[in-house]
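Each chain, written out:
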Amino acid sequence: MPNRDEIMKALEVVIDPELHRSIVELDMVRSIDVSDNGVADVTVSLTTPGCPIKGHFQTAVAEAVTGLDGITHCNVYFDVLSDTQKQALQQKLGRGSLPQGALAQVSNVICIGSGKGGVGKSTLTANLAAALAGEGKRVGVLDADVWGYSIPRMYGLGSTRPPVSAERKIIPLEAHGVKVMSIGFFVEEDAAVVWRGPMLHKALTQFLQDVDWGALDYLLVDLPPGTGDVSMTLAQLLPQAQFLIVTTPQATAQKVARRAAQMADKVSLQIGGVVENMSSFTTPSGERFTIFGEGGGQELADELDVPLLGKVPLTMPLREHADSGVPLVIEDPEDAASQAIRQVARGLVAMAPMAPMALPVLPVIQVGTPPPVAVPASAGERKPAGMSLPMA
Ligand SMILES: Nc1ncnc2c1ncn2[C@@H]1O[C@H](COP(=O)(O)OP(=O)(O)OP(=O)(O)O)[C@@H](O)[C@H]1O
Ligand SMILES: [Mg+2]
């Protein structure tokens with residue numbers, strides 16, 4: 001009869017299809033028991049309870065173990081990694097979370113994402129941040145769309161380089177009462193930026209760790225479209241973040257948005273709500289057109305069992321102001337789109353887990369090596385592709 005070590009050895013062939021490593025190496029085999037009649041019980045720890053690759057493990061583990069002489073049957077059980085085990089796993093994968101205290105003064109982190117592009121994430125982020133500032137909140141926007149950054153333009157900030165504090169922290173630029181940070185401040189306008197893998201991870205970590213966000217009630221994070229590297233990395237770095245999903249009303253967009261929700265779920269991010277954008281268009285004479293259909297936002301919200309925080313109509317001023325660099329909620333708070341966005345902002349305030357203003361202001365604890373010295377690079381030194389952030 002094979003012993004525990006032999007079974008463990010056999011399990012080395014079971015590869016986690018997402019992490020591309022053996023479940024033994026990843027320390028995901030929780031227990032192994034073999035009874036005299038040759039029945040093996042193996043428990044595998046998953047990263048999340050609803051792990052979609054459960055079936056893969058079920059088959060692969062059973063096959064690997066029953067291939068051993070003496071084993072007649074293998075029962076595969078599952079449990080979920082504890083938070084400590086998850087942290088250990090992340091460290092093993094070289095994707096450690098932020099140093100403790102890096103965002104200690106930030107009360108709420110909200111990632112604005114969608115399954116597909118062009119649904120209005122950035123427009124909503126820019127306006128929502130301004131609306132929250134209008135509610136008297138301290139707000140920051142992190143433009144995490146490192147390839148297609150658009151927040152600087154929407155805030156009229158161009159590519160001004162942010163200053164560096166005496167503590168060697170990057171000071172976010174400020175516009176319309178909102179602190180803003182974007183990769184767009186560090187690269188030549190329209191330069192192609194190639195951020196991948198560890199470099200991307202490092203850049204995003206720096207945005208959170210080496211930027212002097214100070215005390216904020218809300219940090220809104222504008223995600224790139226899709227469910228790719230940035231979203232996964234941020235989810236790991238910001239386990240406390242809430243996810244706000246933007247969708248247009250039509251069924252296909254909603255289907256894609258559902259993928260973003262699944263991603264959030266997979267990485268254990270809490271989904272705070274859904275915002276439907278481009279909901280309808282009303283002509284000056286009052287005729288209403290549902291250009292992208294109707295009802296998708298509500299359906300998605302119902303399916304995810306989260307609130308639909310707002311339905312933002314298509315209005316020309318919303319687009320025009322995004323292009324001209326002043327969020328519409330500031331210029332025309334009574335525009336139909338502004339009103340809807342302000343309603344979303346109030347919904348977020350109502351949802352906040354605690355009264356953020358009442359939070360004690362904690363010092364930011366520096367763990368490990370201090371951030372590298374920021375060397376203001378001359379324009380000639382700015383390399384757009386795969387570089388370390390200039391603040392490094
Ligand atoms: N409700 C709206 N009414 C009118 N125009 C809108 C509305 N929402 C977004 N837009 C316009 O649609 C375009 C796409 O919006 P935006 O860039 O915010 O989308 P996105 O989801 O951030 O895109 P990407 O996926 O490329 O980051 C912009 O020109 C924006 O001004
Ligand atoms: Mg965008």
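Scope of this entry: the structure provided in the associated data block.

Analysis parameters
- Residues numbered from 1 in each chain as written.
- Chains lettered and ligands numbered in written order.
- Predicted model: local features only at pLDDT ≥ 70, side-chain atom pairs only at ≥ 80, totals over all residues.
- Near = placed C-beta within 6 Å.
- Helix = DSSP H or I, 4+ residues; strand = E, 2+ residues; numbered from the N terminus.
- Nonpolar A, V, L, I, M, F, W, Y, C, P; charged D, E, K, R; others polar.
- Pairing = 2+ DSSP bridges.
- Axes fitted to C-alpha atoms, helices over the stretch in contact; angles between N-to-C directions.
- Contact = placed C-beta atoms within 7 Å.
- Core = buried A, V, L, I, M, F, W, Y, C linked by C-beta atoms within 7 Å.
- Buried ≥ 20, exposed ≤ 12 C-beta atoms within 10 Å, placed from the backbone.
- Left-handed = near helix turned anticlockwise from the far one by under 90°.

Digging into the site of ligand 1
Here's step 1: The environment of ligand 1 is made up of 21 residues, and the closest members are G117, G120, S122, T123 and R319.
Here's step 2: Sorting the residues of the shell around ligand 1 by element identifies helix 4 (121-134) and helix 10 (316-324) as the ones contributing at least two each.
Here's step 3: Here the shell around ligand 1 is built from residues that sort into eight nonpolar, ten polar and three charged.

Points about the sheet that holds strand 4 (residues 39-46)
Here's step 1: The three strands lie next to each other as 3-4-5, forming an open sheet whose pairing is mixed. The outermost strands of the open sheet, each flanked by one partner alone, are strand 3 (29-34) and strand 5 (73-80). Strand after strand, the sheet turns through a mean of 15° between neighbouring axes, direction not considered.
Here's step 2: When strand 4 meets strand 5, the two strands line up parallel, connected through eight bridges. Its bridge partner being in strand 5, L46 is matched across the sheet by V80.
Here's step 3: Lying over the sheet, helix 2 (residues 54-66) contacts strand 4 and strand 5, oriented at roughly 140° with respect to strand 5.

Observations regarding the sheet that holds strand 12 (residues 270-277)
Here's step 1: The eight strands are arranged 8-9-7-10-6-11-12-15 in an open sheet whose pairing can be described as mixed. Each edge of the open sheet is held by one strand with a lone partner, namely strand 8 (173-175) and strand 15 (308-312). Each neighbouring strand pair of the sheet contributes to a mean axis angle of 25°, computed without reference to strand direction.
Here's step 2: With four bridges joining them, strand 6 (residues 106-113) and strand 11 (residues 242-247) adopt parallel strand pairing. The residue bridging C111 from the neighbouring strand is F243, located in strand 11.

Remarks on the nonpolar core
Here's step 1: Core analysis: the largest hydrophobic core is formed by 81 residues, its most contacted members being I110, A129, L220, V221, I245 and I341.
Here's step 2: The biggest single contributor to this core is helix 4, with eight residues.
Here's step 3: I23, V29, V61 and A64 belong to the second largest nonpolar core, which has 19 residues in total.

Regarding the pairing of strand 4
Here's step 1: Bridging between strand 3 and strand 4 involves five bridges; their strand directions are antiparallel. The partner of S31 across the bridge, within strand 4, is T43.
Here's step 2: Joining the antiparallel neighbours strand 3 and strand 4 is a turn of four residues, in which G38 adopts a positive phi near 85°.

So, the packing of helix 4 against helix 12 (residues 336-351)
Here's step 1: Two elements in contact, helix 4 and helix 12, have axes whose closest approach is 9 Å; the angle formed by their N-to-C orientations is 65°. For the pair helix 4 and helix 12, the crossing hand works out as right-handed. Two secondary-structure elements touch here, helix 4 through L124, N127, L128, A131 and L132 and helix 12 through I341, R342, V344, A345 and L348.
Here's step 2: Split by residue class, the contact of helix 4 with helix 12 holds eight nonpolar, one polar and one charged.

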